[in-house]
Amino acid sequence: MTTPERLTAAIIGGTGYTGGELLRLLLDHPRADVAAITSRSALGKPITLWHPNLRGRTALKFTDPGELLAADTPLDIAFLCMPHGESSAQIDRWADRATRLIDLSADFRLRDPARYERHYGAAHPAPAWLDRFTYGLPETNREAIRGAAHVSGVGCNATAMNLALLPLARAQLIDRVVVEVKVGSSEGGATHSPATHHPVRTGVVRSFAPTGHRHQAEVEQELFDRNGAPFELHVSATAIDMVRGVLATAHIFPKRTVDERELWAIFRETYADEPFVRIVKDRAGQYRLPEPKILAGTNYADVGFALDSAGNRIVAISAIDNLMKGAAGSAVQCMNLMCGFDETEGLTFPGLHPI
């Protein structure tokens, strides 16, 4: 598959937060041009009505996805940002239209149709496509993403959990783990529901998934299947009064006693060459352990750990921006890998402090 010097890209379903973040990143990407961003509900209207931070950066208006499908201009890559179930219903048409696809919904994240049915409560509508998509988390799947034609997005909570647990899973140290994930309101999307309406959502510490969170399936896939060592995994998710961000706190009960020196070696071995994962475990300062607030707008994941005095419980902590490393940022990172670009192109914004 030949990659042009500059990609012609399209964002399918662009009124949501993820579509806006993708557009923000691609407008400043040195190797991509956004030809179209689609929406049926906002057809013909300026995208800045939905994404006002991009005023003066683009004159794009929302176009009809049907017109884009019918057009004969080439598309090197399409980012599918449609609601759950829409990508799988339309996958054949978009695969014919664009040379490469990145789907940011949950439709193609899981390779096993039985696992999909168990966690999503229905049979997959396009099971023949599951093996044709590569899971889009570079830290677990980089070589498969290189040169791939179809890549899935990642679950934001799954990303935080996977990055917290990955070093210990690779070392096959985990016997049992309980993960508490705290999430911001932007996880609920740009269209509010009765549960996410601001007067109801603000000020809360709400346990919305004490058990059975769907993103657990991605952790099982990436950590159990790849490392050949399943472990007992329990996940709870809590909504807190924050807009962006995920903080995963994993309580790991290891198969044997470990010390801090060994943990440092394990985490460094896993993340020494990762461009967007930083080990954060400082002795001083206000941010001694990962904190999602300072990651807003960035593609970085901060990962840290603590060890209790008895050595029989490890607490691994991971922080990300759910809209970036948990969605749009990882998608652009995957685009770079798919096309043979420098993996960090367009993604080096370091965040703001204070914020």
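Preceding this paragraph is the structure being described.
These numbers were taken from a predicted model, which means no experiment stands behind them. (Residues numbered from 1 in each chain as written. Predicted model: local features only at pLDDT ≥ 70, side-chain atom pairs only at ≥ 80, totals over all residues. Heavy atoms only, no water.)

### Description of the overall build of the protein
Then comes step 1: A count of helical and extended segments in the protein gives ten helices and 14 strands.
Then comes step 2: A compact globule built from 355 residues should have a C-alpha radius of gyration of about 20 Å, and the protein, at 20 Å, falls within 12% of that.
Then comes step 3: Seen through its principal axes, the protein has C-alpha atoms that stretch 65 × 40 × 40 Å.
Then comes step 4: The buried share of the protein, taken over its 355 residues, is 55%.
Then comes step 5: Relative to all contacts within the protein whose residues are 6 or more apart in sequence, the contacts with residues 24 or more apart total 73%.
Then comes step 6: Entry remark: accessible area of the protein is about 15,200 Å², with carbon and sulfur atoms responsible for 50%.
Then comes step 7: Side-chain charges in the protein split into 37 positive and 41 negative, and the spacing between the mean points of these groups amounts to 4 Å. (Helix = DSSP H or I, 4+ residues; strand = E, 2+ residues; numbered from the N terminus. Rg over C-alpha atoms; globule rule 2.2 N^0.38 Å. Buried < 20%, exposed > 50% of the residue type's maximum accessible area, 1.4 Å probe, protein only. Contact = heavy atoms within 4.5 Å. Areas by Shrake-Rupley, 256 points an atom, 1.4 Å probe, with all protein chains shown as cover. Lys, Arg positive; Asp, Glu negative; His and termini not counted. Charge placed at Lys NZ, Arg CZ, Asp CG, Glu CD.)

### Topic: helix 6 (residues 156-170)
Then comes step 1: For helix 6, built from 15 residues, the straight-helix expectation of 21 Å at 1.5 Å per residue is met to within 8% by its first-to-last C-alpha distance of 21 Å.
Then comes step 2: Its maximal kink placed at alanine 164, helix 6 deviates by approximately 40°, while the proline proline 167 follows within four residues.
Then comes step 3: Most of helix 6 sits inside the fold, with 14 of its 15 residues counted as buried.
Then comes step 4: Where helix 6 terminates, the next one or two residues include glutamine 172, which has phi positive at roughly 55°. (Expected span 1.5 Å × (residues − 1). Bend = angle between axes of the 7 residues up to and from the residue.)

### Here we look at the side chain of serine 87
Then comes step 1: Checked against the element boundaries, serine 87 lands in helix 3 (residues 86-97).
Then comes step 2: There is a polar contact of 2.5 Å between the side chain of serine 87 and the side chain of aspartate 103.
Then comes step 3: With near-sequence residues (within four places) excluded, serine 87 lies in contact with Leu80, Met82, Asp103, Ser105, Asp107 and Phe108. (Polar contact = N/O pair within 3.5 Å; in protein donor to acceptor, adjacent residues only side chain to side chain.)

### Points about the packing of helix 1 (residues 17-27) against helix 10 (residues 324-339)
Then comes step 1: Two numbers describe how helix 1 lies on helix 10: the axes approach to 10 Å, and their chain directions differ by 40°. The angle between helix 1 and helix 10 falls in the class oblique. The chirality of how helix 1 crosses helix 10 is right-handed. Residue-level inspection shows Thr18, Glu21, Leu22, Arg24, Leu25 and Leu26 of helix 1 in contact with helix 10, the latter providing Met324, Ala327, Ala328, Gly329, Ala331, Val332 and Met335.
Then comes step 2: Class assignment for the residues of the contact of helix 1 with helix 10 results in nine nonpolar, two polar and two charged. (Axes fitted to C-alpha atoms, helices over the stretch in contact; angles between N-to-C directions. Parallel < 35°, antiparallel > 145°, perpendicular 65-115°, else oblique. Left-handed = near helix turned anticlockwise from the far one by under 90°. Nonpolar A, V, L, I, M, F, W, Y, C, P; charged D, E, K, R; others polar.)

### Describing the nonpolar core
Then comes step 1: Residues Leu22, Leu23, Leu26, Phe79, Ile102 and Met335 are the most contacted members of the largest nonpolar core, which totals 41 residues.
Then comes step 2: Among the elements that line this core, the one with the most residues is helix 10, at nine residues.
Then comes step 3: Excluding residues within four positions of it along the chain, leucine 26 makes contact with Ala9, Ile11, Ala32, Val34, Phe79, Val332 and Met335.
Then comes step 4: Of all hydrophobic cores here, the second largest spans 38 residues; its members include Leu163, Val219, Phe231 and Ala301. (Core = buried A, V, L, I, M, F, W, Y, C linked by side-chain atoms within 4.5 Å.)

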